[in-house]
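# Chain and residue survey
Below, each chain spelled out in residue letters.
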Amino acid sequence: MADTHVLFVEDDDVIREATQLALERDGFVVTAMPDGLAGLEAFRADRPDIALLDVMVPGLDGVSLCRRIRDESTVPVIMLSARADSIDVVLGLEAGADDYVTKPFDGAVLVARIRAVLRRFGHASGPDGNNGGASDGDGPAEAVLRFGDLEVDTEGMEVRKAGENVALTPTEMRLLLEFSNAPGTVLSRDRLLERVWDYGWGGDTRVVDVHVQRLRGKIGQDRIETVRGFGYKLRG
């Protein structure tokens, strides 16, 4: 990760400077900005590999900044929130963030979460770093999975609904691949956290729920069914 460029937007001088130093010690290149407008300018100028955004920053808040970034790019975004139960967490995820970390945070935990997100994006072709397909067959027909009017091209990493291309973020694509590889099978939130978000420990299932809602909005509300008390499944 020595050449990985992190955009860090945080208005607290102490947190910003301490976190920047910690990330740089771990080999990241860091551009640190004190407000959202400066963060947006830095994003457009530098095109970082990942954005780390505090929710409450002046000028342009972190949620709005996340939306602006997501309008222009699929670069991974991690939100920082001071309260685990805050509505800001959900708003950030709905705005297109891929994950969030609650403040105060341990530097090692933050680095681990950043690396986990980068691993996912570095292997967007599938949850195991392969083509993401359901079989090892080499025919083109086996690489395209069909569910009604939904087509998932696991080699080309493209999704079509009724013949129209559907734009997904890498996280949404990985989530859809998990469902597509096991249609009709109920996948628990914990399994999805482990497979899609690379969590080797328990995580906040709101991350899963919000991403499922975002995915439904793109591929059809009825395509992914909620199985109460268990998780979600893709309708074949």
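Data block above holds the structure.
Note that the coordinates shown come from a computational prediction; the quantities given were computed from them, not determined experimentally. (Residues numbered from 1 in each chain as written. Predicted model: local features only at pLDDT ≥ 70, side-chain atom pairs only at ≥ 80, totals over all residues. Heavy atoms only, no water.)

## Regarding the overall build of the protein
Each helix and strand in the protein was counted, giving nine helices and 11 strands. Counting the 236 residues in the protein, one finds 48% classified as buried. At a minimum sequence separation of 6, the contacts of the protein that also span at least 24 residues come to 59%. (Helix = DSSP H or I, 4+ residues; strand = E, 2+ residues; numbered from the N terminus. Buried < 20%, exposed > 50% of the residue type's maximum accessible area, 1.4 Å probe, protein only. Contact = heavy atoms within 4.5 Å.)

## Brief notes about the pairing of strand β7 (residues 150–153)
As paired strands, strand β6 (residues 144–147) and β7 are joined by four bridges and run antiparallel to one another. Residue pairing across strands places Leu145 opposite Val152, the latter belonging to β7. Hairpin connection from β6 to β7: two residues lie between these consecutive antiparallel strands, with Gly148 at a positive phi of about 65 degrees. From the end of β7 to the start of strand β8 (residues 158–161), which pair antiparallel, there are four residues, and Met157 there has a positive phi angle of about 55 degrees. (Pairing = 2+ DSSP bridges.)

## Concerning helix α5 (residues 107–122)
The terminal C-alpha atoms of α5, which comprises 16 residues, lie 22 Å apart, in line with the 22 Å expected from a rise of 1.5 Å per residue. When we look at burial in α5, the residues that qualify are Leu110, Val111, Arg113, Ile114, Ala116, Val117, Leu118, Arg120 and Phe121. Put simply, Asp106 is the residue that caps the front of α5, since its side-chain oxygen is 2.8 Å from the backbone nitrogen of Ala108. (Expected span 1.5 Å × (residues − 1). Polar contact = N/O pair within 3.5 Å; in protein donor to acceptor, adjacent residues only side chain to side chain.)

## Structural notes on the sheet that holds β6
The four strands lie next to each other as β6-β7-β8-β9, forming an open sheet whose pairing is antiparallel. The sheet terminates laterally at β6 and β9 (164–166), the two strands that pair on one side only. Taken over all neighbouring pairs, the strand axes of this sheet differ in orientation by 25 degrees on average, direction set aside. By the bridge criterion, three bridges tie β8 to β9 in an arrangement that is antiparallel. The residue of β9 that forms the bridge with Arg160 is Asn165. Lying on the sheet, helix α7 (residues 170–180) is in contact with β6, β7 and β8; it crosses β7 at an angle near 105 degrees. (Axes fitted to C-alpha atoms, helices over the stretch in contact; angles between N-to-C directions.)

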